[in-house]
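A look at the structure
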Amino acid sequence: MQRQDILYLNQKDVINCGGLNMAHVISDLEKVFELHNKKDYVLPPKVALRWGDMHSEETIGRINAMPGYVGGEVDIAGIKWIGSAPQNPHKYGLPRASALIILNDSEKHFPIAVMDGTIISAMRTGGVTGVAAKYLARKDSTVAGIIGAGTQNRTQLMALKEILPKLSTVKVYDIMKERSITFSKEVSQALQLEVVPVSSGQKAIEGSDVIVTATTAKEPVVKAEWIGEGCFYSHIGGYEAEFAVVEKADKIVVDDWYQIKHRGTQTTAMMFEEGKLNDSDIFAEIGEIITGKAHGRENNKEFIYFNAIGLALDDIIVANRIYNNALEKGIGTTLELWEKPIWS
Ligand SMILES: NC(=O)c1ccc[n+]([C@@H]2O[C@H](COP(=O)([O-])OP(=O)(O)OC[C@H]3O[C@@H](n4cnc5c(N)ncnc54)[C@H](O)[C@@H]3O)[C@@H](O)[C@H]2O)c1
């Protein structure tokens, strides 16, 4: 057969194929971090298309190209092409991020699917924190403090709720007060948690068992002195934690230290660049903990700092599950790439 088709899945299709199922996303990610630990993947560094220096990403924005191959029985390649314009929510009432994912088969390397990646990207970012919380947060965590009332913190809370059964209260701070108010109303209802807006980052962080920052802040929003004993902190955005936060941690755990350093935008990478953090200061990558090569949380007193840069592998494994669900359910639109290749 010569004809080559592509399956196109719009956002509604992705949702109908399980795009919002956080439990499945968390289990996909656990699998991908195991493969990452076995080095059964290919992951070229992200390419950032931007219109200025690194700091312009939080003002003008960027478009990232994130290719990768996931090995094992998953055996699929792909790329996420994701635009980010931090001004979108405030200026247009639109999402900051918008993404497409393309999947390619691992034999002929033909494109087989194109889909909305916006939901997949947000869900996998929450899912990464979910996996990390499973191994690094206190099981009895009840209070979360989050900074940033945007898309990512919605999925962060979906994942924390999935992993921490005693989680009951969430304090949320956003520089735009009305965003924290709307977020609190919507997320309280959607997740059956008590989500309350607070008037400062300090109020969100102090007394919280779990902390997440997912903002477009241009300078740190978390101070070391606000963080209590036994806390788990998942750092999602860029330069959100002051250096002293990382220095205070009993354990620093990451998704992929090489990729964090290459990207250069987050606190740990900046500290490395300035000679204030060494490779040996990284306690483990999360895959080492999942596979039992390194310990996760060992007592209720440790402050564990987790930093994920986000990997194309995360997107591709989730997109592949969505694609297979779509084939099984007959969802999506078939697009012809060619009826017959004109050259071979
Ligand atoms: N590590 C990863 O894998 C990963 C994945 C996706 C997104 N991100 C990053 O997460 C961040 C948030 O993404 P999003 O989609 O939720 O964006 P968003 O625009 O939907 O939300 C960001 C929120 O941060 C708030 N904010 C900005 N400056 C602030 C400050 N100083 N204090 C408090 N709040 C502030 C904004 O008002 C906004 O509500 C972005 O930097 C993005 O690049 C990381």
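Residues numbered from 1 in each chain as written. Predicted model: local features only at pLDDT ≥ 70, side-chain atom pairs only at ≥ 80, totals over all residues. Heavy atoms only, no water.

The subject of this paragraph is empty space enclosed by the protein. Under the definition given, this model contains one cavity of 30 Å³ or more. For the largest cavity, the calculated volume is near 30 Å³. Lining the largest cavity we find L43, P44, K46, M66, P67, Q259, G310, L311 and A312. The residue makeup of the lining of the largest cavity, split by class, is six nonpolar, two polar and one charged. (1 Å grid on protein atoms, 1.4 Å probe; cavity = no way out; pocket = protein on both sides within 12 Å on 5 of 7 lines; lining within 4 Å. Points joined across faces, edges and corners; volume = space filled by probe spheres on them. Nonpolar A, V, L, I, M, F, W, Y, C, P; charged D, E, K, R; others polar.)

A separate point is the pairing of strand β7 (residues 111-116). When you tally the buried positions in β7, you get five out of six residues, the bulk of the element. As defined by bridge partners, strand β1 (residues 4-9) adjoins β7 across three bridges and the pair is classed as parallel. For Y8, the partnering residue across the bridge sits in β7 and is V114. Sheet topology places strand β6 (residues 97-105) next to β7; five bridges connect them, and they run antiparallel. Within β7, the residue paired with L100 across the bridge is D116. Linking β6 to β7, which pair antiparallel, is a turn of five residues; within it H109 sits at a positive phi near 65°. (Buried < 20%, exposed > 50% of the residue type's maximum accessible area, 1.4 Å probe, protein only. Helix = DSSP H or I, 4+ residues; strand = E, 2+ residues; numbered from the N terminus. Pairing = 2+ DSSP bridges.)

Let's shift gears to the packing of helix α2 (residues 22-37) against helix α5 (residues 151-163). Packing of α2 against α5 brings their axes to within 10 Å, and their N-to-C directions diverge by 85°. Taken together, the axes of α2 and α5 lie roughly perpendicular to each other. Where α2 abuts α5, its residues M22, A23 and I26 lie against T155, M158, A159, E162 and I163. Grouping the amino acids of the contact of α2 with α5 by side-chain chemistry returns six nonpolar, one polar and one charged. (Axes fitted to C-alpha atoms, helices over the stretch in contact; angles between N-to-C directions. Parallel < 35°, antiparallel > 145°, perpendicular 65-115°, else oblique. Contact = heavy atoms within 4.5 Å.)

For helix α6 (residues 177-191), built from 15 residues, the straight-helix expectation of 21 Å at 1.5 Å per residue is met to within 8% by its first-to-last C-alpha distance of 21 Å. Those residues of α6 lying buried are S180, F183, S184, V187 and L191. With its buried residues spanning 105° around the axis, α6 presents them on a single face. Exposed side chains of α6 directed beyond 90 degrees from the buried face belong to K185 and Q189. Elements in contact with the buried residues of α6: β8 (143-147), α5, β9 (169-173) and β10 (194-197). Taken from the residues just after α6, Q192 is the one with a positive phi, measuring 55°. (Expected span 1.5 Å × (residues − 1). Arc of directions from axis to C-beta.)

A separate point is the pattern of salt bridges. Evaluation of the coordinates by the stated rule reveals 19 salt bridges. Put simply, K261 and D279 hold a salt bridge, and the shortest N to O gap is 2.9 Å. Of this pair, K261 sits in helix α9 (residues 257-263) while D279 sits in the loop between α10 (267-273) and β14 (284-285), and the two are 18 residues apart along the sequence. Salt bridges sharing common partners tie together R50, E57, R62 and R263. (Salt bridge = Lys/Arg side-chain N within 4 Å of Asp/Glu carboxyl O.)

We now examine the domain arrangement of the protein. By convention, interface size is frequently given as the accessible area that disappears when the constituent parts associate. With domains assigned, the protein is organised as domain 1 (4-120 + 312-338) and domain 2 (131-307). Domain 1 and domain 2 are separated by 23 Å when their C-alpha centres are compared. Every contact between the two is made by 27 residues of domain 1 and, on the other side, 30 residues of domain 2. Taken together, both faces of the contact between domain 1 and domain 2 bury some 2400 Å²; the carbon and sulfur share is 62%. In this structure, the connection of domain 1 to domain 2 is made through two salt bridges. Two residues, E57 and R263, come together in a salt bridge whose shortest N-O distance is 2.7 Å. Of all elements in the fold, only α2, β3 (47-50), β4 (62-70) and α3 (88-92) reach the threshold of two or more residues within the side of domain 1 that touches domain 2. Here the side of domain 1 that touches domain 2 takes nine residues from α2, the largest share from any one element. Of the residues that constitute the side of domain 1 that touches domain 2, the class distribution is 14 nonpolar, five polar and eight charged. (Domains from an automatic or database assignment. Buried area = accessible area lost by both parts, 1.4 Å probe.)

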